[in-house]
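# Survey of secondary and tertiary structure
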Amino acid sequence: MASAEEDFPRGGTAKTTQVTKPEKSRVEVDNLFETRVPEVKKKRKSTNQDEEQDAKKVKSKEAASLKLNAASKVDILHLKDLKVGTLLLGCIKEVNDFEIVVGLPSGLTGYLPVTNISESYNKILSDQLDSGELVEDFVPLPHLFSPGCVVRCVVSSLVESKDGNVSLKVSINPKEVNKALTSGSLKAGMTISGCVESIEDHGFLIDIGLSETKAFLPKASAKASKQDLKPGQYVDCLLEDVKSEGRLVRLSVDPSAISEAVADTEHGWTLSNLCPGLLVNATVKTVTAHGLILEFLASFSGLVDFMHIDPDKDSYKKGEEVVARVLYVDPSDRKVALSLRSHLLPPGGSVLDCVQSERVGEVLQGCKVAAVHYHSGAILELPDGTKAFGHRNQLKEPNEPFEPSHLQAKPELTCRITDYSPLEQLHLISLRKSTIEAPFFRYSDLKPGQIVQGTILSLQRFGLIVRVTGHIKGLVPRLHLADVAITNPEKKFTVGNKIKCRVLSVDGPARKLYLTRKKGMVDSTLPVFATYADARVGRIAHGFIVCVKEFGCIVRFYGDVKGLVPMRELSTEHVMVPQQHFYAGQVVKAKVLQCDQENEKLLLSFRAVLQGDTEGQEKPVKQIKPVYDFHVGKNVEARVVSKVPDGLNVAILPEETPGHLPTVHLSDHASNCQLLWEALQEGDIISDAVCLSRTKQNVILTKKPLLKACLEVGAAATEFSGLQLGLELTGWVKNIMAYGVFVEFPHGLYGLAPKAAMSDQFVSSTATVFQMGQTVRAKVTNLDEEKHRFLVCLKASELSSPDGEGQERLTRGLHERRVATEMITGRDGSDLLQQLSSLVVGSKLNLTVGEPQEDGSCSFSSDDLPTVSILASKHHVSGVELTSGQKVKAVVLHVNPTTPLVHISLLPALLGNRKTLESGSKHEAQIQHIEGDFAIVSLGDTGHVTVVLVTAHLNDTFGSETERPKPGDALKGTVVVTEPSSEVLGGLPLVTREAGGVSKWSATAIATSRRKRKVSEGRGSLHSFQCGDLVKAVVSSIKPMQVRLTLPGDVTGSAHVTEVLEDPKPGSFPTSSLKVGQQVEARVIGGRDIHSHKFLPISHPGFVCSQPVLSLLPRKLKEDVDPKDLETEAQLAELKPGQELICYASKFLPAIKCLEVAVTPKITGTVEVLAMTNNAKEARRPEKLVKVGQALKARVVSVSSQPKHLYLSLTGTHTLAPGSIVIAAVRKVTPHVGLALKLPFAASGTASLLDLSDSYAPNPLQQYHEDQLVRCCIVEVNKENKYHVSLRPARTHPGKKLPITDAEVLSIGDLKKSQVLRGYVATVGEKGIFVRLSRTITGRVEFKKATNYYVSDHSLYSKHIPQDTLLTVKVLSVNSENSHVELSTLPKDTGAADLLPESLHLPLRKRLEKKRKRKISESAAQAPAEVEKKKKKSNKKKKSKTEDTDSGVEVYFREEDTESSKKAPANVPEPQPSTGPARLQVSAGFSWDATLSSLRPATAAAHESSGEEEEEEQQVEKKAPKKTRKALEEESKREEAELRRQEVDLMDPAQRPQSSHAFERLLLASPDSSLVWLQYMAFHLQATEIEQARAVAERALKTISFREEQEKLNVWVALMNLENMYGTEESLQKVFERAVQYCEPMPVYLRLADIYAQSNKIKEAENMYKTMVKRFRQESAVWLSYGTYLVRQGQSDAANALLQRALKSLSSKEHVDLITKFARLEFQHGDKERGRSMFDKVLTSYPKRTDLWSVFIDLMIKHGNQQDVRELFDRVIHLSVAVKRIKFFFKRYLEYEKKNGTPETIQAVKQKALEYVENKGTVEAS
């Protein structure tokens, strides 16, 4: 105390009394959630009247402020009104495995995911997933919940999907539902919801969402309510008793008590914690047309909408008392809704009987409107008298306003029941036409085998998601996307596309629909097997193979119908292996042989289908069908067999070969195709059809005239190889995609026209440019030789237009229309159609005016055509006054015989007298009518009309609808009359349009202008430059491989990259030295021919012109250069191998894995990947090594003359020589041999197993695979020019000093006797084990030098020592003459473990040394014994030193020891090296170090040897001479001395027993002492008696009392340690599993993890720790142990991540201690800065934890510097804690400075203490 007073003297000013200020009283208003300060009225003179008025104002204000929520209008709950956090009352409608469907108020539907049940259930799910096995407490959702159960839930998320639908997810997790409740707000009599957390002995723990409250439900209460509760189950509870301020609650689940429990004001309900489902007494405040407004719980207002008013009660009155149930609560809007429906009130309310309705999907007629609520919807009365509700959105069409008046005006309505709301007990209906007319409304409406149309929603890994209707989605499994497996389905299917499918199976209750897209099943006309009853014997149907087995094929049809096709019925021929002929997913025809409906078994046959064996039919005589001679372009005649929607099924005559003529192939004009299809009927003969392609079933025909003309003259290309750039082809649009259109051409060629190449106009959508099947002309613009794909251009400006093509298309199209009209009118034979056929364009009719139409058009009637519709559009009646019944004359513009409909015109310009036309006359034209591809135009003021094509070119398109021609538009320019009266046009004039008169919506004008710019009409040049001319040029464009230059006269020339710079630096880009616009001097060195856009190799070969080739090289710009020298270039033959040159990268060719380079403009070469670099990592991405145009320094490898080719190398070498380091590719991995490698320069090599690494490893070939690139070194070349290479890093990286574990053995001279090295087993033969020491040297291990065990059956060696086993061997002898090397693998020689495992229980090999054959004198007999004793003593001393540092047991043995052949041989382990596994250890409570100091090596002296051993030695030695009397006396004395020594040892308690008998006596005295048992085990281990040690451990476990848990745990840990050292992994696991059963699991796990960690079994330790943190995640000791292990392993980052996981799993009260312990670990073994940071964060949050400050100071003193320690002390002494604690830290501060500081620092601490005392006194005084 004196020193303390001296260091810290007392001081400070006198303490003054602190005057406290009076606090203002505050009034707590619960309903307002606020505190108010009451006003203090000031005294003033006032009258009584003023005081009364003021009092009234105050009172009215207080009353207004006490209103919790106010309700002004009544409305139902809309989806848009919902917010996250809204509390709702719901009813379970459906229960699935992972989701629950919940019915919510106002007909809404929510979805409850399995993860939103409760925290305890989530934990069970997590354990289930982690373990992968069924957890005992896990109960699936269908067993926890049942439909009809009423639950309290909260909105957890509102997610809007891409199609605009909102996914509403709810939660019943008590932590979210009861979020606003606190422990202090719990009162007896309240009802809340919860979930079963766990099952205890006397009841259940219920999770009510309050972490500080434990809710207990007695089992008696649960049994009384007849509820079998399970973990995770939802329960509504009544609070019977609340104790300890809400921290302990007793619950009841009596349904009757809960349903009748009424919420009271005493419960303290507020708006924030008000829960749905509460029963309240309420008073009617307001009655409205849409519902009621109630008051309840004194200060709450609630709404009752019209659907929740009791229908059995006629009316309500203001002030009436009612009982209501809280329906939903929205705290954010302060809105509460109630229900007065009887099914939600007592005695019910917990379970609803009616949840689903079978009437969902019914379409009802004759429904009447009962009531309309504008903001909500309407109540309808169904024909049977029941009421139904329709939401306002369902009472109108989309995008239309809701009009209640229109709804009420209709006497009857047709509606469809869409759903059923269990909370309102009402059906929900819809008046939308799309909903009423939907063919499928529920999944059950679909039937297996039905054809459906769907839209692709998404493409998943498992298949296509297809939307059939708005509510029905189906899955097309990946197997059913097509008849064959599709590798890249995303290329075939696009989201939004419509596809046709067939229903495979449908599960209505589960709402699962499976579809198929297999064409064989979708297009099948055979019967559908949807049930086993459909599969009658003899019927044939299409199905698909599910699986192929050895006994046959399993075929599935629709639904669950499937059958077996046995081996004998697979084919007409014998099938040995079905897998070679059939595959899963294959569509097949099968015939039913047997059908067992009861057992659902089918026997099918493929053979019967092939043989044509059908039931009930006689087998016809087989007729040999003639083989149809098919070839593309063949003219045929066909008969129409049947009409199908997409075309005509025909029979090709005379062979009657089945064919198909698609509708789109009936004409080149899309508008004519449908007309011709309607005109043709079954039996009609079609002539002049052409064969186009062939399928398995049909021959595809075409009638397109343009295609026929192309095929007649011969197709421009019949295969891909015949395609050339610029080639024009005629085809048709096959498919329209978002990115372009696919065009099909004859002979199966397909080209893609990208979006940008479709039209000269801007294309916003590809769907409106071309039609499916439209004839187009295309130009090839790009060819992909590898994938056989090509791109085409459809722009009209890029294509030629043959003269007269437009006129031919017009005449053919009109001829087709006339023929179709004649066929239609002639077949029917009616007078009306005959009269229609007589009407032609331009003829005049007398008509009567009818009624005008809304769009401005007018209808007419004719006495001659009473049933024909006659119509004049608004344009054709403009300017004409018409009255109903007026007689007028009109001109016919178009006649449609199929409708029938006649378009006319009343324009005066067309009705006047027609003028005479002359050939060649020009006129202005105006469009009067458009029909498909044809337009009816008028010719100026002549009164004539005629027909022209809408598009001048076959490919003309329109940019938008505004550019599409319309009646009234004028054709720009003029038309020229070709024939005044054409027979083809039926007497109308034939006209052509002039080029200048092409309209704005045609691209032909662009094409015409481009065709004027002809480059050349034949071969020749467009310039006058000659070779050698020196010119001034301007750089116009720069590319990596060439520069384009503009010469005088606007002539374009080019300079190759090799002609730009003289000597470029390797790696530079010569062309980059120039700039666009730069003027340069160049010399013409030649020319090259280029093709114009009109060039075609056959038809237009003359369109070729010459372009000058230039050079910018200074040496070629000299004036004295001879022009002849300019044309002379280096020839390929002049290049020699090894020559260095500069080349330029052109492109990388992935197909052949080569880099193409340019040496000169005419010489190119290739560099293979292996010759591009010596870095294997870079060689994996060869295309990244160089860039196009880059200058490279290369060396010539070789030059081939046939074919001419140049091979180069970029690595600086062109040949392979020993010592060369190159990159090689693994060609083949040969087991037991090595690697076959592909080397650069077309060479090959091999790498042996022993040349792969400098440190041998098991399975050395495991890390290599084919085509892998490796770095290698050439070792030698054999006579066959095959190279031996090495992958050793020491050879491949000679400049680096890399560690070498296994040195390379180059020759037999490198081997020395007694050398220890490693090698791989080559083979196990009859004479021993042969071990490869290098590629050329193999040594032998004789069997007697292989193991310590005696092996009679040598096959054991090959069984346990497989080929390529890595062995450690010792060289015994080396014979250089015959290259023989003898080796040994004995443990004593190599220090490694024995080759054979101890588990084989083999006897030890006996090694008896021959002893000297001489007489042994007494002195000589004693000498060896004395020497042996000295050896034992020295060994004992050495061992004691080892035990000082090692807590394990070191076991020794001697080879001289022998055992009796009568006894079972003991397993003797090998002596372990110092780096071996950890010694046998036990847990805390016992240390090997304190008890094994007296252990000695196993006694092997002569007096301890058995008599049998002495007899064996006597058989080898000669008989010893007879001992003298003196020797016998001395021997007797020695025996007596030994006995006395043993007696003294027995009397000494500290002496350790030295025999089994001594241990047994000791165990009789202390049977429960684990220390004795473990010493006994160690005794046997010293004698290498492993089995005896195991037996002792087993005895200990049986003997030790079950109450001594720690003692038993010590034995278990010792046994696990023993198995870890001497046993196998299986035996260790068995012991571990037993230990977990008999002991507390967590300590056993911890001990085994420590054992693994200390024995350096990293992988096993990691797995053990990971298992522990999953199983014992609530135990901080487990996390700390794992963290300690990670930090000691140097994995600080992993330990930090583990800490974050631990904080999530542990309770918050354990966080601080755990963080502190992890921080200490960082200080001791990891990153000290991180540990310091962790301490800083903790102490910032908990500054008053002085114990943590103390620990922090200790660690900083030990591991930090003085400056940091002083800063830490300065922080501590300024804490706001008790004075006595600060005094403690001042003492520590002073002690530190006295030990480590100076007098100045000591004085500074004292001064700080004095200041602290003074400041403290001043504060207290103030």
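Keep in mind that this is a model prediction, so the values were computed, not measured.

Time to look at the pattern of salt bridges. According to the stated counting rule, one finds 45 salt bridges in the structure shown. Residues Asp330 and Lys83 are paired through a salt bridge, measuring 3.7 Å at the closest nitrogen-oxygen approach. With a gap of 247 residues between them, Asp330 in strand E16 (residues 321-330) and Lys83 in the loop between helix H2 (48-65) and strand E3 (87-95) connect regions that are remote in the sequence. Overall, the relative accessible area of 5% leaves Asp330 in the buried class. Residues Arg607 and Glu569 are paired through a salt bridge, measuring 3.0 Å at the closest nitrogen-oxygen approach. Here Arg607, found in helix H11 (residues 607-611), pairs with Glu569, found in the loop between strand E30 (562-566) and strand E31 (587-596); they are 38 residues apart in sequence, far enough to count as distant. In this structure Arg607 comes out as partly exposed when scored by relative accessible area, which is 26%. Look at Glu569 and you get buried, because its relative accessible area is 8%.

Moving on to helix H26 (residues 1556-1565). Of the positions making up H26, those classed as buried are Ala1558, Phe1559 and Leu1563. Mapping the buried residues of H26 onto a view down its axis gives an arc of 135°, with all of them on the same face. Of the exposed residues in H26, those oriented more than 90 degrees away from the buried face are His1557, Leu1564 and Ala1565. Buried residues along H26 sit in contact with helix H27 (1570-1582) and helix H28 (1586-1599).

Take the environment of Val503 next. For Val503, the position within the fold is in strand E26 (residues 498-507). Taking the C-alpha atoms as reference, Val503 lies 6.5 Å from Thr516; in sequence the two are 13 residues apart. When neighbours within four sequence positions are excluded, Val503 is seen to be in contact with Leu446, Lys447, Pro448, Gly449, Gln450, Val452, Leu513, Tyr514, Leu515 and Tyr558.

Turning our attention to the sheet that holds strand E36 (residues 685-694). Sheet architecture is closed into a barrel: five strands sit in the order E33-E34-E35-E37-E36, paired in mixed fashion. Between one strand axis and the next, the sheet turns by 55° as a mean value, whatever way the strands run. When E36 meets strand E37 (residues 699-702), the two strands line up antiparallel, connected through four bridges. Note that in E37 the partner of Val690 across the bridge is Thr702. Relative to the sheet, helix H13 (residues 705-713) contacts E36 and E37, its axis offset from that of E36 by approximately 65°.

A few words now on helix H31 (residues 1641-1654). A turn of α-helix holds 3.6 residues, and therefore any two residues three or four places apart point the same way. End to end, H31 covers 20 Å across 14 residues, agreeing with the expected 20 Å (1.5 Å per residue, within 8%). Within H31, ten of the 14 residues are buried, leaving the element largely enclosed by the surrounding structure. Buried within H31 we find Met1642, Val1644, Tyr1645, Leu1646, Arg1647, Leu1648, Ala1649, Ile1651, Tyr1652 and Ala1653. Buried residues along H31 sit in contact with helix H29 (1605-1622), helix H30 (1625-1638), helix H32 (1658-1671) and helix H33 (1676-1688).

Let us now look at the nonpolar core. By size, the foremost hydrophobic cluster in this structure holds 93 residues, and its most contacted members are Met1616, Phe1632, Val1644 and Met1668. Ignoring sequence-local partners within four residues, the contact set of Val1644 consists of Leu1609, Met1616, Phe1632, Ala1635, Val1636 and Cys1639. Membership of the second largest hydrophobic core comes to 45 residues, among which are Val235, Leu239, Leu251 and Phe300.

Our next topic: the packing of aromatic side chains. Per the counting criterion, the structure on display carries 25 aromatic pairs. Judged by centre distance (6.1 Å) and plane angle (50°), the rings of Phe1723 and Phe1735 are tilted. Here Phe1735 lies in helix H36 (residues 1728-1741) and Phe1723 lies in helix H35 (residues 1711-1725), a separation of twelve residues in the sequence. By the burial criterion, Phe1723 is buried, and Phe1735 matches it. Among the aromatic residues, those joined into a cluster by ring pairs are Phe720, Phe745 and Phe790. Sitting over the face of the ring of Tyr374, Arg392 holds its NZ or CZ atom 5.2 Å from the ring centroid.

Residue Pro654 is reached from Leu653 by a cis peptide bond, and omega for that bond is 0°. You can see Pro654 is positioned in the loop between strand E34 (647-653) and strand E35 (657-662). Backbone geometry places Phe1241, a non-glycine residue, at a positive phi of 65°. Looking at where Phe1241 falls in the secondary structure, it is placed in the loop between strand E65 (1234-1239) and strand E66 (1243-1248). Classification of Phe1241 as buried rests on a relative accessible area of 19%. The backbone of Asn1259 shows a phi angle near 50°, a positive value even though the residue is not glycine. Overall, Asn1259 belongs to the exposed group, its relative accessible area being 54%.

Turning our eyes to something else, we now look at the packing of helix H37 (residues 1746-1759) against helix H39 (residues 1779-1796). As a packed pair, H37 and H39 sit with axes 11 Å apart at the nearest point and diverge in direction by 5°. Considering the angle they form, H37 stands roughly parallel to H39. Here Thr1746, Trp1749, Ser1750, Ile1753, Asp1754 and Ile1757 of H37 come into contact with H39, specifically with Arg1781, Phe1784, Phe1785, Arg1788 and Tyr1792.

What follows is about the pairing of strand E28 (residues 540-549). With seven of ten residues buried, E28 is to be regarded as a mostly interior element. Direction of pairing for E28 relative to E31: antiparallel, over a ladder of five bridges. Looking at the pairing, Ile540 lines up with Lys591 of E31. Of the pairings in the sheet, the one linking E28 to strand E29 (residues 552-556) comprises five bridges and is antiparallel in character. Bridging across to E29, Val548 finds its partner in Cys553.

Conventions used here
Residues numbered from 1 in each chain as written. Predicted model: local features only at pLDDT ≥ 70, side-chain atom pairs only at ≥ 80, totals over all residues. Heavy atoms only, no water. Salt bridge = Lys/Arg side-chain N within 4 Å of Asp/Glu carboxyl O. Helix = DSSP H or I, 4+ residues; strand = E, 2+ residues; numbered from the N terminus. Buried < 20%, exposed > 50% of the residue type's maximum accessible area, 1.4 Å probe, protein only. Arc of directions from axis to C-beta. Contact = heavy atoms within 4.5 Å. Pairing = 2+ DSSP bridges. Axes fitted to C-alpha atoms, helices over the stretch in contact; angles between N-to-C directions. Expected span 1.5 Å × (residues − 1). Core = buried A, V, L, I, M, F, W, Y, C linked by side-chain atoms within 4.5 Å. Phe/Tyr/Trp six-rings, centres within 6.5 Å; stacked < 30°, edge-to-face > 60°. Lys NZ or Arg CZ within 6 Å of the ring centre and 35° of its normal. Parallel < 35°, antiparallel > 145°, perpendicular 65-115°, else oblique.

Remember that the coordinates give geometry; whether it matters functionally is a separate question.
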